[in-house]
Amino acid sequence: MAGDSEALLRDRDENTNVIRQPFLIGVSGGTASGKSSVCEKIMEKLGQNEIDHHQRQVAILSQDSFYKVLTPEQKAKALKGQFNFDHPDAFDNELIMQTLRLILQGKTVQIPVYDFVTHSRKEDFVTVYPADVVLFEGILMFYSQEIRDLFQMKLFVDTDPDTRLSRRVLRDINERGRELEQVLSQYITFVKPAFEEFCLPTKKYADLIIPKGADNLVAINLIVQHIQDILNGGQTKRQNGFVNGHSTPRQRRTSESSSRPH
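This structure is a prediction, so every number in the text was calculated from the model and none was measured.

**Notes on the pairing of strand β3 (residues 109-115)**
1) Next: Across the 7 residues of β3, 6 count as buried, placing the element largely inside the fold.
2) Next: Here 6 bridges tie β3 to strand β4 (residues 120-128), and the two strands are oriented antiparallel to one another. From the neighbouring strand, I111 faces β4, where its bridge partner is V126.

**Concerning the pattern of salt bridges**
If the charged atoms of two oppositely charged side chains come close together, the side chains can form a pair.
1) Next: Overall, the coordinates contain 9 salt bridges when judged by the stated rule.
2) Next: Linking K41 and E44 is a salt bridge whose minimum nitrogen-to-oxygen distance equals 4.0 Å. Of this pair, K41 and E44 are both found in helix α2 (residues 35-46), 3 residues apart, which corresponds to roughly one turn of the helix.
3) Next: Note on E44: relative accessible area 39%, which makes it partly exposed.
4) Next: Between D92 and R121 there is a salt bridge, and its shortest N-O distance comes to 3.3 Å.

**Here's the deal with the layout of surface pockets**
1) Next: The calculated volume of the largest pocket comes to roughly 1,200 Å³.
2) Next: Counting residues per element, the ones that place at least two in the lining of the largest pocket are α2, β2 (58-62), β3, β4 and α6 (161-174).
3) Next: Of the residues in the lining of the largest pocket, the class split is 20 nonpolar, 13 polar and 12 charged.

**Let's talk about empty space enclosed by the protein**
1) Next: Going through the model one piece at a time under the given rule, you end up with 3 cavities of 30 Å³ or more.
2) Next: Taken as a whole, the largest cavity encloses approximately 40 Å³ of empty space.
3) Next: If you go around the largest cavity, the residues you meet are A59, I103, K107, V109, V128, Y129, P130, A131 and V134.
4) Next: Broken down by class, the residue content of the lining of the largest cavity amounts to 8 nonpolar, no polar and 1 charged.

**Quick notes on the sheet that holds strand β5 (residues 133-137)**
1) Next: Read across the sheet, 5 strands follow the order β2-β5-β1-β6-β7 without closing on themselves; strand pairing throughout is parallel. Edge positions in the sheet fall to β2 and β7 (208-211), since each of these pairs with one other strand and no more. Strand-to-strand twist across the sheet, computed as the mean angle between neighbouring axes with direction ignored, equals 20 degrees.
2) Next: Judged from the 5 bridges that link them, β2 and β5 form a sheet pairing that is parallel. The residue of β5 that forms the bridge with S62 is E137.

**Focus: the environment of L184**
1) Next: Examined against the element boundaries, L184 turns out to sit in helix α7 (residues 180-199).
2) Next: When the C-alpha atoms of L184 and L165 are compared, they prove to be 8.6 Å apart, with 19 residues separating the residues in sequence.

**A closer look at the confidence of the model for the chain**
1) Next: Of all residues in the chain, 81% attain a pLDDT of 70 or more, and the chain-wide mean is 85.
2) Next: Taken as a whole, residues 1-18 scores under 50 in pLDDT and shows 19 contacts with residues more than four places along the chain or in a different chain.
3) Next: A low-confidence stretch, residues 234-262 (pLDDT under 50), is modelled with 66 contacts involving residues beyond four sequence positions or located in other chains.

**Focus on the packing of aromatic side chains**
1) Next: A full pass over the atoms with the stated rule returns 9 aromatic pairs.
2) Next: Summarising the aromatic geometry, the rings of Y67 and F85 are spaced 5.3 Å apart at their centres and angled 85 degrees between planes, so their arrangement reads as edge-to-face. Here Y67, found in the loop between β2 and α3 (72-79), pairs with F85, found in the loop between α3 and α4 (93-104); they are 18 residues apart in sequence, far enough to count as distant.
3) Next: Residue class for F85 comes out buried when judged on its relative accessible area of 9%.
4) Next: Between Y67 and Y114, the ring centres sit 5.2 Å apart and the planes meet at 50 degrees, which makes this aromatic pair tilted. Remark: Y114 occurs in strand β3 and Y67 occurs in the loop between β2 and α3; sequence separation between them is 47 residues. Like Y67, the residue Y114 is buried in the burial classification.
5) Next: Ring pairing ties together the aromatic residues Y67, F83, F85, F91, Y114 and F116, which thus form one cluster.

What counts, and where the lines are drawn
- Residues numbered from 1 in each chain as written.
- Predicted model: local features only at pLDDT ≥ 70, side-chain atom pairs only at ≥ 80, totals over all residues.
- Heavy atoms only, no water.
- Buried < 20%, exposed > 50% of the residue type's maximum accessible area, 1.4 Å probe, protein only.
- Helix = DSSP H or I, 4+ residues; strand = E, 2+ residues; numbered from the N terminus.
- Pairing = 2+ DSSP bridges.
- Salt bridge = Lys/Arg side-chain N within 4 Å of Asp/Glu carboxyl O.
- 1 Å grid on protein atoms, 1.4 Å probe; cavity = no way out; pocket = protein on both sides within 12 Å on 5 of 7 lines; lining within 4 Å.
- Points joined across faces, edges and corners; volume = space filled by probe spheres on them.
- Nonpolar A, V, L, I, M, F, W, Y, C, P; charged D, E, K, R; others polar.
- Axes fitted to C-alpha atoms, helices over the stretch in contact; angles between N-to-C directions.
- pLDDT = per-residue confidence, 0-100.
- Contact = heavy atoms within 4.5 Å.
- Phe/Tyr/Trp six-rings, centres within 6.5 Å; stacked < 30°, edge-to-face > 60°.

Listed below in structure tokens is the structure:
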């Protein structure tokens, strides 16, 4: 296809003829720990929110988009709050791997849209265009070694359980139409045990632990500075088109912000 060929040429380094891979950052942490808020704060400080989706150098993906399609029996349980969405088997890891491989090849990808009210995938998709840095957040991003090993940086958002529970209660009631009793029952039966068994142990894989989530501006600013260095080509000597073992980012487009983090 002509369009694919043109995109491939744009993604090749003019001197080294090496396809440039994005820098993948995994962001994990318990339910309602502030993973999405951390990613959004990073985007805000980089000025990426003010840029058109086609032109952004930084993209965000969520593991929540990759829940498996439920059987009728599973959906009936889910509507009663009796399905464990915090178990590793609830996620379509095969689709996650396929998506990440396409992203690493510099491809545009279609991300599923999950409806948390009906517990089903919508027919719509979200298009994510090639970017220099990709943030992928989710409660179990580091559980699968195959997926975990693809991240060049791993962040763990560490927020106390009481804060996470209160946030989840408010979110599920206000945004997902759940009843308080159902939210608390699901938390005690599934969410808390799954966090302790599957999510918390993966904290040891993190390169950086972020207490207080998006309120931890010191940590956020450090991450933003590192990403800014990647977007600007890094401060270290390039060897064969690579910086610190990773391929260098594409040239900045003229329409993109070149300001430093604020």
